[in-house]
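# Results of the structural survey
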Amino acid sequence: MSILEFHDAVVTFKARGAMMSRLNGNMRDFNAVDHVSFGVQEGEILGIVGESGSGKTTICKAALGLHKMSGGTITENGQPIRLNDGSLQMVFQDPLSSLNPRQTIAQSLEVPLRLHGTPKSEISGRVDRLLADVGLTRQFRNRFPHQVSGGQLQRVAIARALATNPRVLFADEAVSKLDVSVRAQVLNLLKRLRDSHKLTIIFVTHDLHVARFLCDRIAVMYFGKLLEIGPTKEIFRKPCHPYTQVLLGTLDKDQARHASMRDIFNPMRDDLVACRYQNRCPHVMPQCRQRHPAHRDCGAGQTVACYFYSEATEVE
Amino acid sequence: MLDVRNLSVTFGSGEKSLNVCSDVSFSLAKGKVLGLIGESGSGKTVTCKALLSLLPDNASVTADRMNFGGQELLSLDRRDFNKLRGTELAMIFQDPVGSFNPVKTIGWHFRHAGKRRRDGFGPKSDVMAAAEESLRKVEIANPGQALRKYPHQLSGGMLQRCLIALTLFCKPSLIVADEPTTNLDNLVERQIIDIFDKLRHEIDASFIFITHDMTIAEQISDEIAVMYAGQIVEHGETAEVMSRPRHPYTRALIKTARELEGDVDYLTEIPGDVTSGLNRHGQCRFGPRCPLHDAACNHTIHMRHVQGHGNVRCIKPLIREEAA
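This section reports on the structure supplied with the text.

Conventions adopted
- Residues numbered from 1 in each chain as written.
- Chains lettered and ligands numbered in written order.
- Predicted model: local features only at pLDDT ≥ 70, side-chain atom pairs only at ≥ 80, totals over all residues.
- Helix = DSSP H or I, 4+ residues; strand = E, 2+ residues; numbered from the N terminus.
- Rg over C-alpha atoms; globule rule 2.2 N^0.38 Å.
- Buried ≥ 20, exposed ≤ 12 C-beta atoms within 10 Å, placed from the backbone.
- Contact = placed C-beta atoms within 7 Å.
- Pairing = 2+ DSSP bridges.
- Axes fitted to C-alpha atoms, helices over the stretch in contact; angles between N-to-C directions.
- Arc of directions from axis to C-beta.

### So, the overall build of chain B
Check the secondary structure of chain B and you find twelve helices and 13 strands. Relative to a compact globule of 324 residues, whose C-alpha radius of gyration would be 20 Å, chain B shows 21 Å and is just as compact. Principal axes of the C-alpha set define a box for chain B whose edges measure 70 × 50 × 35 Å. Counting only residues that meet the buried cut, chain B has 42% of its 324 residues in that class.

### Quick word on the interface of chain A and chain B
Counting residues at the interface gives 27 residues for chain A and 26 residues for chain B. Listing elements by their share of the side of chain A that touches chain B, those giving two or more residues are helix 6 (150–162), helix 7 (180–196) and helix 8 (208–214) of chain A. At eight residues, helix 7 of chain A tops the list of elements feeding residues into the side of chain A that touches chain B.

### Some remarks on the sheet that holds strand 1 (residues 2–13) of chain A
Residues and elements named next belong to chain A. Taken together, four strands build an open sheet; the order of strands is 2-1-4-5 and the sheet is antiparallel. Because the sheet does not close on itself, it has two edges, and the strands there are strand 2 (30–41) and strand 5 (79–80). Note that strand 1 and strand 4 (residues 71–76) share five bridges and pair antiparallel. When the bridges of strand 4 are listed, phenylalanine 6 appears paired with isoleucine 74.

### Quick word on unusual backbone geometry
Phi is positive for asparagine 77 of chain A, close to 50°, though the residue is something other than glycine. Summarising the element assignment, asparagine 77 of chain A is placed in the loop between strand 4 and strand 5. Note on asparagine 77 of chain A: 13 C-beta atoms within 10 Å, which makes it partly exposed. We note that serine 53 of chain B has phi near 55°; this positive angle belongs to a residue other than glycine. Take serine 53 of chain B: it is sitting in the loop between helix 1 (44–51) and strand 4 (59–62). Judged by local crowding, serine 53 of chain B falls into the partly exposed class, with 17 C-beta atoms found within 10 Å.

### Side note on the sheet that holds strand 7 (residues 89–92) of chain B
Residue and element names in this part refer to chain B. Read across the sheet, eight strands follow the order 7-8-9-3-10-11-13-12 without closing on themselves; strand pairing throughout is mixed. Of all the strands in the sheet, the pair left with one neighbour each is strand 7 and strand 12 (304–306). For this sheet, the mean angle separating the axes of adjacent strands, direction not counted, is 20°. As judged from the four bridges shared by strand 7 and strand 8 (residues 174–178), these two strands associate in the parallel manner. Bridge pairing links methionine 91 to valine 176 in strand 8.

### Notes on helix 4 (residues 106–114) of chain B
Residues and elements named next belong to chain B. Taken together, the buried positions of helix 4 are Ile106, Gly107, His109, Phe110 and Ala113. Around the axis of helix 4, the buried residues are gathered within 155° of arc, so they sit on the same side. Where helix 4 is buried, its residues meet helix 5 (124–137), helix 6 (143–147) and helix 7 (156–169).

Now the structure itself:
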C-alpha cells in the first residue's frame, strides 16, 4: 500500500500576456507537471532526478498545496491529502533563507510545535529532543542562523520539519548547496532518520551520485513528464529510456563527449502532444511525433515511457 | 608564469581581525591547470580574489612575492591593475546570471569587453565576427542569434558558456574559474567540464579551477592544491594526490567522493566543521577534526616536501609512510 499516490497529476502555469499574442500562439499555458502518476511506498526514499525545469520541485510543492493542481489527484493512504496536520513536510535547498534571520534556532523550532498544539510545558523539552535527533547539542538553542555553518543550519531545517511528526518528508535539493564533507553528514542523517522516525522521504536532486547512495527508487523527470521510474539498482543496471541512458552516461568519466546537447525542449515552441524528448532522442520514430508514450512495464518494478523500449532492446 | 609566496589575507584590524588566508604559496607554469579544492570558508575564493586585487578595502593583503609574468602584482597601483584585469588576468564567477548586465544583450557585453583588448578592434562588424568565433568555441550552436539575446532569455548552461566565451575573448593568460559548475545540473556540468577540458589544450592560458568536488578536480587539473581553514594543506600532481593522499583531510575528502561513486550503506563523515580551524594560531588547524591528532600536533605545522609527491602540511603521513 503506498502512503502517497500521485494520480494523473497536472500543474499548469498559465501564460500571462495580451490576448493577441495568445491567439498568435506566441504564448501558451504549460503543464509543469504533465499527467504524472506514481506511488510512494511507506518507509522508502524516492529520488526524483532531472535537470532544472523538469518539474521535480513543482510536483513536491503540489503535494504540499503550494501549487494548485489543475487536474488529477494526490492521495495519502487513499484519502485526499490533509494540508494542516503536519504529516507532510518539506526541507528546502537553501537553509539560510528558509529560517527567519531574526529568530534564534530555538524560536524557529518552537513555532511549528506551538501551531500544532504542543502544551507549553513540553515545548522546551521537545526542542532539545529535536536538536538531539539531528545530532546538534543544546548550545545551538540560542544562536541565530548567521552564527551557524551551512551544514548545521540544514540540520536545523530538518529538525524543524520533523517537529510535526511528519510521515512524509520532501527534501528539495537539500544537499546541493553543501560542501562534500558536510554533504556526507546530512546524507547519513537522512538515512538514519528514515529508520529511527519511520519516515518516507521524497528526495529531489540533480546529483546522480547522491541519488544512488540515498534512494531506494528513482523517478526520472523531463519537462513535466515522468520518463522512467524503478528501483535504483535496476535503473543503474539497465536504464531503459534514452534520456536516462544519457544522464547516467555523464557519470562515466571515460565516455567522452556523449551528451549530445541538441535542442532541448522548448515549451513555448514545441509540440506539447508529441514525446517531449524527441528533439534530443537518437532513436526518434514517426510515432514519437504523434503522442507522448504511455508508461510500459519493463520488469522488476521498473516502468518507462518510451516507444523505443521493447523486449528486443533488452536482449541486446 | 605565476608565483605566489606566503600570501596572507586578513579582514579587519585589531582584536576583531580575522585571518582568512595565511602562508599560501604556489606557482603555476604556463598552460597548466591548478585545481583548488576546499569547503566553503576555506579561503579559496579569497586567495583568488587577492590575486586579482578584487577584495574590499578592509582586507589587508601581504605576500613575500606575488609575481605574474614578471610583474609584481602587489606593487601595482590601481590604474595599472585595471589594465591587467580582464586582459591578462580574468575570473569566471560561480553565478553566470549575476555576471551579466540584465538590461543589455550578450553582444553588448562582447563589444564592451572588446574595447579592453590589447590589440584593439576596428569596426563593430569585426568585433561581432570575433565574438561569434568565440561563442562557437564554447559550442553555442547559433552564435549570431545568441549575441542578440538578453541574459534572461538563455538557460543557465548557455549563459555560463557565454561567460566563458566572454572571458576568453580578451585572450587572458591566467583564468580563474570560481566553481563554474556548482549551480548547474549534471548534464550541463558535464558539458561545461568537457568544454574546459578542450579549451585548456587549445588556448594558451593557465587556469586556476576552484571547486569543492574532488571528481571534477581530478578530471580537469594537472595539479591539485587542497585548502583548509586558509592554508594549503596538500599540493601535488593530480594523479599522485588522488591515488596517494598524505594529509588526513585530503584522504577523507577522496574517500567520501569514492564512496558516493561506489556502493556503501553509510558515508564516511568528517566530524565537526571548518569554523573550528579558524584562529587556531600556532597549532594544526585541522586538529579538532583529525583522527590522528595528538599532543605532537600542537605547534605550527609547516609545509614539508615529500619526495615524488608534493608538499604536505602534516607531520603524521611521513611517520605512517615509514612504518608501512
